[in-house]
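# Structure assessment
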Amino acid sequence: MVTATITTIRRHGIGAIALLACLAIFMAASTAQANPRYAAIVVDVESGEVLHAANADETRYPASLTKMMTLYMLFEELERGNLQLDSRLPVSAYAASRQASKLYVKAGSTLPVETAIQALVIRSANDVAVVVAEALGGSETNFARMMTDKARQLGMPRTTFRNPNGLPDAGQTTTARDMATLSIRLMQDFPQYYPYFSQTRFSWNGQTITGHNRLLDNYPGADGMKTGFIRASGFNVATSAVRDGRRLVSVVMGGFTAASRDAHMSDLLDRGFVRASLYGRGDWVAQADFSGDRMSIEAAPAAMPAAPARQPELQLASLPAPEPLPSAQPELPETAQGSAADPIRDLIARSEPAAVAPDRALHRLEPAGPTGGWGVQVGAFSDPDNARSLASRAADRLTSELTGARIAVDEAGGPQKIFRARLVNLDENQAYRACRSLTREGMDCMVVNF
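Residues numbered from 1 in each chain as written. Predicted model: local features only at pLDDT ≥ 70, side-chain atom pairs only at ≥ 80, totals over all residues. Heavy atoms only, no water.

### Concerning empty space enclosed by the protein
For the structure shown, the criterion picks out one cavity of 30 Å³ or more. One number sums up the size of the largest cavity: a volume of about 30 Å³. As for the largest cavity, its lining consists of Y61, P62, A63, G166, L167, P168, D169, Q172 and I230. Within the lining of the largest cavity, the residues separate by chemical class into six nonpolar, two polar and one charged. (1 Å grid on protein atoms, 1.4 Å probe; cavity = no way out; pocket = protein on both sides within 12 Å on 5 of 7 lines; lining within 4 Å. Points joined across faces, edges and corners; volume = space filled by probe spheres on them. Nonpolar A, V, L, I, M, F, W, Y, C, P; charged D, E, K, R; others polar.)

Structure, rendered in structure tokens:
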């Protein structure tokens, strides 16, 4: 390959060098955009509404998010009365030999159940996870089968466990949606134990053990759940947060660094709370599939119905149901960590509104019209100001791509006025590109033709 490249340069001179440089830039850009480990989901806990999803049903490695299922199984035994918080669990030589992160428990010793809970949540201790597995299942292998069976019962069809701690195993796979389901079930089924997930330190053998979950300190309203990392998974986190009485659960998988993962989680939660408030306020009349040609007031109520009561079986039904998991799971490729071309950092950057001059065409309010031919619609409201606000947020995310686009708040007649939030004055290709970009940002979007 190198020899052929040198020969090409000798034959064709500077032009070949320029061509090769262009190819190198193209290949680097393509590599930077690809992150085979990334997935995310944001869920409104009360309603089960999926507010954002990216690769939510794609196979990923759970890493230490696995320990949430280990804890679920332990909480069940406490609930049944088979264990107490001060019950002591025996430590085997095998458990003590597990690799870090660990509590360094000694073979032949015992560990209180409450300390085991804290060690799993805060320290993410791999040795303690095996202590729990052997106490509840007799062996790590049998306990993993029990965990997988429980996953099916909880509505996690794409999750398979091979160990209780998330240490590398090509057969141990899950999805962001399944991890969100598990997170919510932990809160709903064991509210008395959920406060453990908000703890950031505990005492052990005269030492203070601190945790890895920086979001508990840095994101207002975050009160749990769990972080995870192995090389094959990247940096994962499941987070629950409350704002104005509304609780969201979000899962991010595949971060290149803990910092970029946490920043992206914060951004997703911020946008999730904004979007959830639009639903809950009663002004959000319709999502993007409320198109002009098909719209009728009878087809959509003036306000969203009240959120359904909490159900015993969680249904995250806003996205299509997943296909059956293949019998053989391919090993996911690894990506260098700490790369400056972090796709998650790129998502964060693209979520920040760009600075635009006040007279920029993109920010002029125009009535909808046929001049551009094509546009995108991002929602419909009973209040024109809210429609304009959403259209402006959509425009902010596209300022570098669609300099000729205009915000349009289109009024539809009928028994009640409906105001549709749109970006117009696009050609067909621009409209489809814009919709794909907005969908990646977690916004509802559809292409419309005037």
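### Quick notes on the packing of aromatic side chains
According to the stated counting rule, one finds seven aromatic pairs in the structure shown. Here the aromatic rings of Y72 and F190 are separated by 4.8 Å at their centres, their planes lie at 75°, and the arrangement is edge-to-face. Taken as a pair, Y72 in helix α3 (residues 67-80) and F190 in the loop between α8 (176-189) and β5 (201-204) lie far apart in primary sequence, 118 residues in all. Overall, the relative accessible area of 4% leaves Y72 in the buried class. Classification of F190 as buried rests on a relative accessible area of 4%. Ring pairs connect the aromatic residues Y72, F75, F190, Y193, Y194 and F197, which therefore count as one cluster. (Phe/Tyr/Trp six-rings, centres within 6.5 Å; stacked < 30°, edge-to-face > 60°. Helix = DSSP H or I, 4+ residues; strand = E, 2+ residues; numbered from the N terminus. Buried < 20%, exposed > 50% of the residue type's maximum accessible area, 1.4 Å probe, protein only.)

### Section: the side chain of N35
Its place among the elements puts N35 in the loop between α2 (14-33) and β1 (39-44). For N35, a relative accessible area of 11% corresponds to the buried category. At 3.2 Å, the side chain of N35 and the backbone oxygen of G254 are in polar contact. (Polar contact = N/O pair within 3.5 Å; in protein donor to acceptor, adjacent residues only side chain to side chain.)

### Things to note about the packing of α3 against helix α6 (residues 126-137)
Relative to each other, α3 and α6 sit at 40°, their axes nearing to 10 Å. It follows from the interaxial angle that α3 and α6 lie oblique. Considering only the axes of α3 and α6, their crossing is left-handed. Contact residues: α3 offers K67, T70, M73, L74 and E77, while α6 offers N126, A129, V132 and L136. (Axes fitted to C-alpha atoms, helices over the stretch in contact; angles between N-to-C directions. Parallel < 35°, antiparallel > 145°, perpendicular 65-115°, else oblique. Left-handed = near helix turned anticlockwise from the far one by under 90°. Contact = heavy atoms within 4.5 Å.)

### Here's the deal with the sheet that holds β1
One open sheet holds the five strands; their spatial order is β2-β1-β9-β8-β7, and the pairing between them is antiparallel. The sheet is open, and its two borders are formed by β2 (50-54) and β7 (222-230), each paired with just one other strand. For this sheet, the mean inter-axis angle between neighbouring strands, taken without regard to orientation, is 5°. In the sheet, β7 pairs with strand β8 (residues 234-243) via eight bridges, with the strands oriented antiparallel. Looking at β8, one finds that K226 is bridged to A238. (Pairing = 2+ DSSP bridges.)

### A few points about the pattern of salt bridges
For side chains bearing opposite charge, pairing can occur when the charged atoms are close. With the rule as written, the count across this model stands at ten salt bridges. Put simply, E76 and K150 hold a salt bridge, and the shortest N to O gap is 2.8 Å. Separated by 74 residues along the polypeptide, E76 in helix α3 and K150 in helix α7 (residues 140-153) bring together distant segments of the chain. Taking the relative accessible area as the measure of exposure, E76 reaches 13% and is therefore buried. Notably, a salt bridge pairs R80 with E77, separated by 2.8 Å at the nearest N-O pair. Here E77 and R80 lie together in helix α3, a separation of three residues that amounts to about one turn. Judged by relative accessible area, R80 falls into the exposed class, the value being 52%. The exposure class assigned to E77 is buried, which follows from its relative accessible area of 18%. Through salt bridges that share partners, E76, E77, R80 and K150 make up one connected network. (Salt bridge = Lys/Arg side-chain N within 4 Å of Asp/Glu carboxyl O.)

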